[in-house]
Amino acid sequence: LEQWQLEIAGECERPCRLDWSAFLALEQVEDVSDFHCVTGWSKLDVRWAGVRLSTAIALVEPTEHARFVAFTAYDDY
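The structure displayed is predicted, hence computed values, not measured ones.

Visitor: How would you sum up the overall build of the chain? Please name residues and give values.
Guide: Secondary structure assignment for the chain yields two helices and four strands. Listed by position from the N terminus, the elements making up the chain come as β-β-α-β-β-α. The C-alpha extent of the chain, read off along each of the three principal axes, is 35 × 30 × 25 Å. Residues classed as buried in the chain amount to 18% of the 77 residues present. Between the centroid of the 6 positive side chains of the chain and the centroid of its 14 negative side chains there is a distance of 4 Å.

Here it is in structure tokens:
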């Protein structure tokens, strides 16, 4: 966790890089959601806790040109 980071950049006014403690300082929520995969399966009533994507995106103030979000994981997936 000492090396963990989340970088949010691109078509935004305030790109940022958060370390683990800064990420945990963001609003945390608990939710129960249904997940539906494009390959045809679903998982209902999945309980999770964490930071909403909308909370993280709001930090960087996307420009009017922002249309998509791309994720790259630690292992480049």
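Past the structure itself, the notes keep going.
Visitor: Which residues make up the nonpolar core, and what values do they have?
Guide: By size, the foremost hydrophobic cluster in this structure holds nine residues: Ile8, Cys12, Cys16, Leu18, Phe23, Leu26, Val51, Ala56 and Val60. The set of elements that each furnish at least two residues to this core consists of strand E2 (16-19) and helix H2 (53-60). With residues near it in sequence (within four places) discarded, Cys16 still touches Leu6, Glu7, Ile8, Leu59 and Val60.

Visitor: Residues and numbers for a nonpolar patch on the surface, please.
Guide: Side chains of Leu53, Val69 and Phe71 sit close together on the surface and give an oily, nonpolar patch of about 330 Å² of accessible area. Structurally, Phe71 is set in the segment after H2.

Visitor: Hey, could you go over the side chain of Thr63 for me, with residue numbers and the actual values?
Guide: By the element assignment, Thr63 lies in the segment after H2. Exposure remark for Thr63: the relative accessible area of 17% places this residue in the buried category. Setting aside residues no more than four positions away along its own chain, Thr63 makes contact with Glu11, Cys12 and Glu13.

Visitor: Account for unusual backbone geometry, with residues named and values stated.
Guide: Glycine aside, residues mostly have negative phi angles, and peptide bonds mostly take the trans form. Of note, the phi angle at Asp45 is positive, near 55°, even though the residue is not glycine. Mapping Asp45 onto the fold places it in strand E4 (residues 42-50). The class of Asp45 is exposed, set by a relative accessible area of 59%. One non-glycine residue, Glu61, lies in positive phi territory at about 50°. Turning to its location among the elements, Glu61 is positioned in the segment after H2. For Glu61, a relative accessible area of 37% translates into the label partly exposed.

Conventions adopted
Residues numbered from 1 in each chain as written. Predicted model: local features only at pLDDT ≥ 70, side-chain atom pairs only at ≥ 80, totals over all residues. Heavy atoms only, no water. Helix = DSSP H or I, 4+ residues; strand = E, 2+ residues; numbered from the N terminus. Buried < 20%, exposed > 50% of the residue type's maximum accessible area, 1.4 Å probe, protein only. Lys, Arg positive; Asp, Glu negative; His and termini not counted. Charge placed at Lys NZ, Arg CZ, Asp CG, Glu CD. Core = buried A, V, L, I, M, F, W, Y, C linked by side-chain atoms within 4.5 Å. Contact = heavy atoms within 4.5 Å. Patch = residues over 30% accessible without salt bridge, like charges linked within 9 Å, V, L, I, M, F, W, Y side chains within 5 Å. Areas by Shrake-Rupley, 256 points an atom, 1.4 Å probe, with all protein chains shown as cover. Salt bridge = Lys/Arg side-chain N within 4 Å of Asp/Glu carboxyl O.

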